[in-house]
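So you can see what is in the structure, the chains are spelled out below.
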Amino acid sequence: MTKPPASFLAGGLSASLADMGIIGVELKSITWRYVGAKTRRSNNADGLLQQSPSSLLQAGFSPLVRQYSTSSNMREDIILRLSVGEIKKMQQGQAVSGLYAVSRFEARTTEKAGRFGIFTVSDVTGSMAARLWNIAPSQEEALKSRSFLKLKGITGCYNNEVQLTVNELIIPSAEEIGGCLRELAPHVDGDLAAMYREILAAAAAIRHPGLRGTVEALIKEDLIVSRKFQYHPGALSYHHAAIGGLLKHTHEVLSYAMDFCRRDGGLNQDMMTALAILHDIGKVEEIEVDGYGLPVGFTKSGKLLGHICLGLKMVAAAGRSVGLDQETALVLEHGIYSHHGAPEWGSPVLPKTKEAQLIHYLDNISAKNDQFDLAVRQVEPGSFSAYDRGLQREIYKPGNGE
Ligand SMILES: [Fe+2]
Ligand SMILES: [Fe+2]
């Protein structure tokens, strides 16, 4: 491993990049990260290498990608990682390399092209299609079994969208992945531990002993369920599809529910609390995640039964284990069964209690808010998003006005 040049350590970024043969790079959202054994021994270097875009711009670099090379002996130590969002704005024929999430791999064979792979390359800024021609069996295996890979490729265009033609795959180390997991995989914003503590406190405040016992049996006493509950994504796509998404969504629904209980003394607060916390608990069994907590698909039982049915079974078993009375169990299960609001949205019956109806609305508000946030995340003020399949419309991000 090569030691970072002294000028890096002194903050002389411009000279250092030139030393490395990296010129004219896109700086708007580049993440510089020094990867490798030296990083862990050179904390100063790691900090300085993660320069903000504005500080890089102040260092005198062009805001447009023209060319870069990593010709110096540091090439293996430095990953110049353009975000996927920035790659999608690039011209055709630009070289790209870096560590990205890979998913949806599919191998195809045609007479003309031979065997090739199609897959999705992504990070928290977006996703794009990628191809790998003349794919080798080891590369197929890597794309099938890995969530993150280092790629080298060239930007191209297919169906008016930027597509990456990948020509090299490298398996990253766990340290490399761990070092930039937050840039690669969507995590929810916020303090997951604090959210979990607040949910536990709300559960502990349920006065009905059987309801309280049922909720705590799942999200506190059952070590597997409670662990998954804290980190599981809320969905594969559309809303809260990030590490911790289920917890964040549950926390949102719970806080809305508590607001309504304060406004309407006629609501059964115990039932509202239990429903808010447990309405999507079946997702811990419905959604399959990889070792990093990223959603990779549905489980077999998720495909065959879905999270409403799976949640009902979990809640019914937990209720039995703590001696929950039949009437309360039935009303709780009804709220879970009906929380999607209508048969066409996955609930076989309409909500038939005031609490169940309200939980359905609050669930929908949390999901829709997240979808809107996601749709305009990369959009400039005063512009529309691309067509959003989940919301079935383009979303507008209002301008700042005067
Ligand atoms: Fe749901
Ligand atoms: Fe939900």
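Scroll up to find the structure this text is about.
As the structure is a computational prediction, the values presented were derived from the model and not from experiment.

Visitor: Which residues make up the overall build of the protein chain, and what values go with them?
Guide: When helices and strands are tallied, the protein chain shows 18 helices and eleven strands. In the protein chain, which comprises 402 residues, the share counted as buried stands at 37%.

Visitor: Describe the packing of helix H11 (residues 209-221) against helix H14 (residues 269-278), and please don't skip the residues or the numbers.
Guide: At a minimum axis separation of 10 Å, H11 and H14 run at an interaxial angle of 20°. Judged by the angle between their axes, H11 and H14 are roughly parallel. Crossing hand, H11 versus H14: left-handed. Taken together, the residues of H14 that come into contact with H11 (itself represented by Leu211, Thr214, Val215, Leu218 and Ile219) are Asp270, Ala274, Ile277 and Leu278. Among the residues making up the contact of H11 with H14, the classes are represented as seven nonpolar, one polar and one charged.

Visitor: Before we move on, can you summarise unusual backbone geometry with the specific residues and values?
Guide: Phi at asparagine 134 is positive, roughly 50°, even though this residue is not glycine. With respect to the helices, strands and loops of the structure, asparagine 134 is situated in the loop between strand S5 (126-133) and helix H7 (137-145). Overall, asparagine 134 belongs to the exposed group, with 11 C-beta atoms counted inside 10 Å. For glutamine 392, which is not a glycine, the phi torsion comes out positive at approximately 60°. Mapping glutamine 392 onto the fold places it in the loop between strand S10 (383-384) and strand S11 (396-397).

Visitor: Tell me about the packing of helix H13 (residues 245-263) against helix H18 (residues 354-375), residues and numbers included.
Guide: As a packed pair, H13 and H18 sit with axes 9 Å apart at the nearest point and diverge in direction by 130°. The angle between H13 and H18 places the two elements in the oblique class. Two packed elements cross with a definite hand, and for H13 against H18 that hand is right-handed. Taken together, the residues of H18 that come into contact with H13 (itself represented by His249, Glu252, Val253, Tyr256, Ala257 and Phe260) are Leu358, Ile359, Leu362, Asp363, Ile365 and Ser366. In the contact of H13 with H18, the residues fall into eight nonpolar, two polar and two charged.

The rules behind these values
Residues numbered from 1 in each chain as written. Chains lettered and ligands numbered in written order. Predicted model: local features only at pLDDT ≥ 70, side-chain atom pairs only at ≥ 80, totals over all residues. Helix = DSSP H or I, 4+ residues; strand = E, 2+ residues; numbered from the N terminus. Buried ≥ 20, exposed ≤ 12 C-beta atoms within 10 Å, placed from the backbone. Axes fitted to C-alpha atoms, helices over the stretch in contact; angles between N-to-C directions. Parallel < 35°, antiparallel > 145°, perpendicular 65-115°, else oblique. Left-handed = near helix turned anticlockwise from the far one by under 90°. Contact = placed C-beta atoms within 7 Å. Nonpolar A, V, L, I, M, F, W, Y, C, P; charged D, E, K, R; others polar.

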